[in-house]
Amino acid sequence: MRKKINSLTKAVHILIIISLFSSLPGQANLEFGGQLSLAGSYAPENELDLFLGGRYIPSLDLTIPLDSLKKIDFEASANLSGSLLTAFENMKRNPSSGIPATQTTGALSPYRAWARYSSKRSEFRIGLQKIDFGSATLLRPLQWFNQIDPRDPLQLTNGVYGALGRYYFQNNANFWAWILYGNEKTRGFDAVETNRSQPEFGGRFQYPVPKGELAFSYHHRTANSSGLSFVPQYDRIPEDRFALDGKWDAGVGIWFEAVYSHKSRDISFLTHQTFLNLGTDYTFDLGNGLNVILEHLAASFDPQPMQFENTSQLTAITMLYPLGLFDNLSSVVVYNWTSEDFTLFLNYQHQFKHMTSYLMAFYNPDVPSGIQQNELVNQFSGPGIRAMVVFNH
């Protein structure tokens, strides 16, 4: 409870600062917007097979131009959600019949709360923010600071508390540096949580090469395995991550991401992690244009570096076909070569004047296949359907 109160307090402080700056004379621009989403899912193989939920993300943005090339801007947004999870039979029968009880949840938390100074070639941002980089699209070893699920049409993700600086050179090279503090949840392919009382830091350098770009990234954090029962438990485990990624346009898009992670304490097969992603995409000249993205991820979890004994292989393919100006059809399929199961997701999207609607069908294995599991999006096992409407203002 204390963590939630502290997080909300930070968001309130940002809102107060924005309100104070909005009273300044000049060209300051204050905008209020938001996103309301309502969703329902039915998956008959689950004990609680019916989900009804809503989420509202109000957002307040303030921009203060300093001159033609410099500005200060702020963003504050909250995540207000509520849901009901029950058995479909509960909608028709008396709960005393032995049907599982209904579960309801409600939450209010900050979603974004940051301030930024930017100029022609640099920017500095501090607060609760989204940090995202890398070349891959679906199976992303470099998803170090978010939990974006490729099956989520809204691409929702929790942010991280920290400071981020970026500088852009004249040749389109760019350098990133960050310091994070107060974050503990797992992100991306994290197998172990972060010790929230220890700072994290790192950087990234991205350089243009013929027909593409290459980048090197580094991150240091202190992991915390005290909540895990199947490995040795330590609350402070220094961890270093190194990554190389690149992307090119060679008629078809091609890319890779390679990540190596080392923990300084022996926590069995989670001591060393190695990931390699290879991907490609192409838009076929069929009808309105069929875009296909294919990625393969090889991962290894070992007590010693580069052993490659505890390995897994995932292949993902997504297809997007525009049916018209206001309609799209898309799919995501992931196959796990180790467990020999797959994840299937189909989505039909229609754009109305003031809202967007989605009709989805899915199949998820009982054990997650390795694709990013986003805690902001309800995930069922087995087959199911999902409908969602989204209003933006």
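Residues numbered from 1 in each chain as written. Predicted model: local features only at pLDDT ≥ 70, side-chain atom pairs only at ≥ 80, totals over all residues. Heavy atoms only, no water.

**Q** For this particular structure, what's the right way to read the overall build of the chain?
**A** When its secondary structure is counted, the chain shows one helix and 19 strands. The buried share of the chain, taken over its 393 residues, is 44%. For the chain, long-range pairs separated by at least 24 residues make up 57% of all intrachain contacts whose partners lie at least 6 apart in sequence. Surface accessibility of the chain: about 20,000 Å² in total, with carbon and sulfur atoms responsible for 60%. (Helix = DSSP H or I, 4+ residues; strand = E, 2+ residues; numbered from the N terminus. Buried < 20%, exposed > 50% of the residue type's maximum accessible area, 1.4 Å probe, protein only. Contact = heavy atoms within 4.5 Å. Areas by Shrake-Rupley, 256 points an atom, 1.4 Å probe, with all protein chains shown as cover.)

**Q** So what exactly am I meant to see when it comes to empty space enclosed by the protein here?
**A** A full pass over the atoms with the stated rule returns one cavity of 30 Å³ or more. A volume near 100 Å³ is recorded for the largest cavity. Along its surface, the largest cavity is lined by 13 residues, and Trp144, Phe189, Asp190, Arg241 and Phe275 are the ones closest to its centre. Among the secondary structure elements, those contributing two or more residues to the lining of the largest cavity are strand E12 (252-263) and strand E13 (272-284). (1 Å grid on protein atoms, 1.4 Å probe; cavity = no way out; pocket = protein on both sides within 12 Å on 5 of 7 lines; lining within 4 Å. Points joined across faces, edges and corners; volume = space filled by probe spheres on them.)

**Q** Explain the nonpolar core here, please?
**A** A general tendency of soluble globular proteins is for nonpolar side chains to be buried together. By size, the foremost hydrophobic cluster in this structure holds 40 residues, and its most contacted members are Ile131, Phe133, Trp144, Phe145, Trp178 and Met388. In this structure, Ala223, Leu228, Ile267 and Leu270 belong to the second largest nonpolar core, which totals seven residues. (Core = buried A, V, L, I, M, F, W, Y, C linked by side-chain atoms within 4.5 Å.)

**Q** Just checking my understanding: could you explain the pairing of strand E17 (residues 341-351) for this structure?
**A** Within a regular strand, side chains alternate between the sheet's two faces. With 10 bridges joining them, strand E16 (residues 327-336) and E17 adopt antiparallel strand pairing. Opposite serine 331, over in E17, you have leucine 346 as the bridge partner. In this structure, the hairpin formed by E16 and E17 is closed by a connection of four residues, where glutamate 340 is found at a positive phi of approximately 55°. Where E17 lies against strand E18 (residues 355-364), eight bridges are found, and the strand directions are antiparallel. By the bridge assignment, glutamine 351 is partnered in E18 with threonine 356. (Pairing = 2+ DSSP bridges.)

**Q** In this structure, what is going on with the side chain of aspartate 245? I would like to understand it.
**A** By the element assignment, aspartate 245 lies in strand E11 (residues 237-250). Judged by its relative accessible area of 2%, aspartate 245 falls in the buried class. If sequence neighbours within four positions are ignored, aspartate 245 has contacts with Gly134, Ser135, Leu142, Arg204, Glu213, Leu214, Ala215, Ser217, Phe256 and Glu257.

**Q** Honestly, the pairing of strand E7 (residues 174-180) in this entry has me stumped. Any pointers?
**A** Of the two faces of E7, the one holding Asn174, Trp176, Trp178 and Leu180 is buried and the one holding Phe175, Ala177 and Ile179 is not buried anywhere. Here strand E6 (residues 160-168) pairs with E7 via seven bridges, running antiparallel. The residue bridging glycine 162 from the neighbouring strand is leucine 180, located in E7. In this structure, E7 lies alongside strand E9 (residues 200-209), joined through seven bridges in antiparallel fashion.

**Q** What am I meant to see in the packing of aromatic side chains here?
**A** Any two aromatic rings considered together are summarised by their centre-to-centre distance and by the angle between their planes. Tallying each qualifying case throughout the model produces 18 aromatic pairs. Between phenylalanine 133 and tryptophan 176 the ring centres are 5.5 Å apart and the planes differ by 75°, which places this aromatic pair in the edge-to-face class. Taken together, the residues phenylalanine 133 in the loop between strand E5 (122-129) and E6 and tryptophan 176 in strand E7 connect sequence positions 43 residues apart. Each member of the pair phenylalanine 133 and tryptophan 176 is classed as buried. (Phe/Tyr/Trp six-rings, centres within 6.5 Å; stacked < 30°, edge-to-face > 60°.)

**Q** Help me understand unusual backbone geometry in this model?
**A** It is generally the case that most residues other than glycine have a negative phi and that most peptide bonds are trans. Unlike most non-glycine residues, glutamine 155 shows phi in positive territory, near 55°. A positive phi angle, near 60°, is found at serine 268, a position not held by glycine. Its location among the elements puts serine 268 in the loop between E12 and E13.

**Q** Would you take a moment to explain the pattern of salt bridges for this structure?
**A** Should their charged atoms come close, side chains of opposite charge can pair. With the rule as written, the count across this model stands at 12 salt bridges. Across the pair aspartate 73 and arginine 116 runs a salt bridge, and its minimum N-O distance is 2.5 Å. Of the two residues, aspartate 73 sits in strand E3 (residues 71-86) while arginine 116 sits in strand E4 (residues 103-118), which places them 43 residues apart along the sequence. Residue classification places aspartate 73 among the buried positions, given a relative accessible area of 6%. (Salt bridge = Lys/Arg side-chain N within 4 Å of Asp/Glu carboxyl O.)

**Q** Before we go on, may I ask you to explain the environment of isoleucine 148 in this structure?
**A** The residue isoleucine 148 is located in the loop between E5 and E6 in this model. Measuring from C-alpha to C-alpha, the distance between isoleucine 148 and leucine 138 comes to 9.3 Å, with 10 residues separating the pair along the chain.

**Q** I would appreciate a short explanation of a nonpolar patch on the surface in the present structure.
**A** Taken together, the side chains of Tyr167, Phe169, Phe175, Phe205 and Tyr207 make up a nonpolar region of the molecular surface, amounting to roughly 470 Å² of accessible area. Checked against the element boundaries, phenylalanine 169 lands in the loop between E6 and E7. Phenylalanine 169 gets classed as partly exposed once you look at its relative accessible area, which sits at 36%. (Patch = residues over 30% accessible without salt bridge, like charges linked within 9 Å, V, L, I, M, F, W, Y side chains within 5 Å.)

**Q** Looking at this model, I keep getting lost on the side chain of arginine 116. Mind explaining?
**A** Only 2.5 Å separates the side chain of arginine 116 from the side chain of aspartate 73, close enough to count as a polar contact. Leave out the neighbours within four places in its chain, and arginine 116 touches Lys71, Ile72, Asp73, Glu123, Phe124 and Arg125. (Polar contact = N/O pair within 3.5 Å; in protein donor to acceptor, adjacent residues only side chain to side chain.)

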